[in-house]
Amino acid sequence: MLWGPIMKDFNFHWLIFKYDFKKLQDLRRKDFSNHDDDLTFRYACASVKTFINHNPDLTKSIHLWVDDVDLLKTVFSKYGVDLTNLNLHDIREEIELDKKHEYPWHVKSAFLVRHFNENSFFIDNDCICKENLTPLLESLDDKKIVLCELE
């Protein structure tokens, strides 16, 4: 069965949260020593912006799971992104327990366990969309999956 005819049912999810990079510095991860806590947040917002630029017809399928809605609005206003058609989920309270983990990847995995479902794409915060995804979505069927080639 081809998924193309039900393309409107696809959802695209971003987990956008502020991570305390001092935790990684304390674990002697020097590659994170110059990162501020808003870095991954801004990266994720840039990822959403590139997606919208190339897929304006899919904006109603975008779900943003955010721990700082005010910061999101500030960053997007600088990018000129209209939040009207996006599904915004304030997960400030939900994510606090996850953020106690040492690594940000634990936050992501806990989030995916709770919120990921069929016909969904989880977009990592450093993913940049370079073209329209409609041809890809129309080519999917029950025997195909999509993975990033660089991760």
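Not measured: the values here are computed from a predicted model. (Residues numbered from 1 in each chain as written. Predicted model: local features only at pLDDT ≥ 70, side-chain atom pairs only at ≥ 80, totals over all residues. Heavy atoms only, no water.)

(A) Broad picture of the overall build of the chain. On a plain count of helices and strands, the chain comes out with six helices and four strands. Each helix and strand of the chain, placed in order from N terminus to C terminus, yields the pattern β-α-α-β-α-β-α-α-β-α. When the 151 residues of the chain are sorted by exposure, 42% land in the buried category. For the chain, long-range pairs separated by at least 24 residues make up 75% of all intrachain contacts whose partners lie at least 6 apart in sequence. Of the roughly 9,400 Å² of accessible surface on the chain, a fraction of 53% belongs to carbon and sulfur atoms. (Helix = DSSP H or I, 4+ residues; strand = E, 2+ residues; numbered from the N terminus. Buried < 20%, exposed > 50% of the residue type's maximum accessible area, 1.4 Å probe, protein only. Contact = heavy atoms within 4.5 Å. Areas by Shrake-Rupley, 256 points an atom, 1.4 Å probe, with all protein chains shown as cover.)

(B) Summary view of the environment of Ile-95. Relative to the assigned elements, Ile-95 resides in helix α4 (residues 92–95). Put simply, Ile-95 and Ala-110 are 15 residues apart on the chain and 9.0 Å apart in space, counted from C-alpha to C-alpha. Ile-95 has contacts with Leu-15, Phe-17, Asp-67 and Val-107, leaving out every residue within four places of it along the chain.

(C) Spatial organisation of the packing of aromatic side chains. Per the counting criterion, the structure on display carries six aromatic pairs. With a centroid separation of 5.6 Å and 45 degrees between ring planes, the pair formed by Phe-10 and Phe-121 is classed as tilted. Of this pair, Phe-10 sits in the segment before β1 (11–16) while Phe-121 is found in strand β4 (residues 120–122), placing the two residues 111 residues apart along the sequence. Just as Phe-10 is buried, Phe-121 falls in that class too. Ring plane angle 10 degrees and centroid distance 5.3 Å describe the contact between Phe-12 and Phe-121, whose orientation is recorded as stacked. (Phe/Tyr/Trp six-rings, centres within 6.5 Å; stacked < 30°, edge-to-face > 60°.)

(D) Region of the structure containing the sheet that holds strand β3 (residues 87–90). In space, the four strands of this open sheet follow the order β3-β2-β1-β4, with parallel pairing throughout. For this open sheet the edge positions go to β3 and β4, each flanked by a neighbour on one side alone. Ignoring which end each strand starts from, the neighbouring axes of this sheet average 20 degrees apart. Inspection of the sheet shows strand β2 (residues 62–66) paired to β3 by four bridges, in the parallel sense. The residue of β3 that forms the bridge with Leu-64 is Leu-88. (Pairing = 2+ DSSP bridges. Axes fitted to C-alpha atoms, helices over the stretch in contact; angles between N-to-C directions.)

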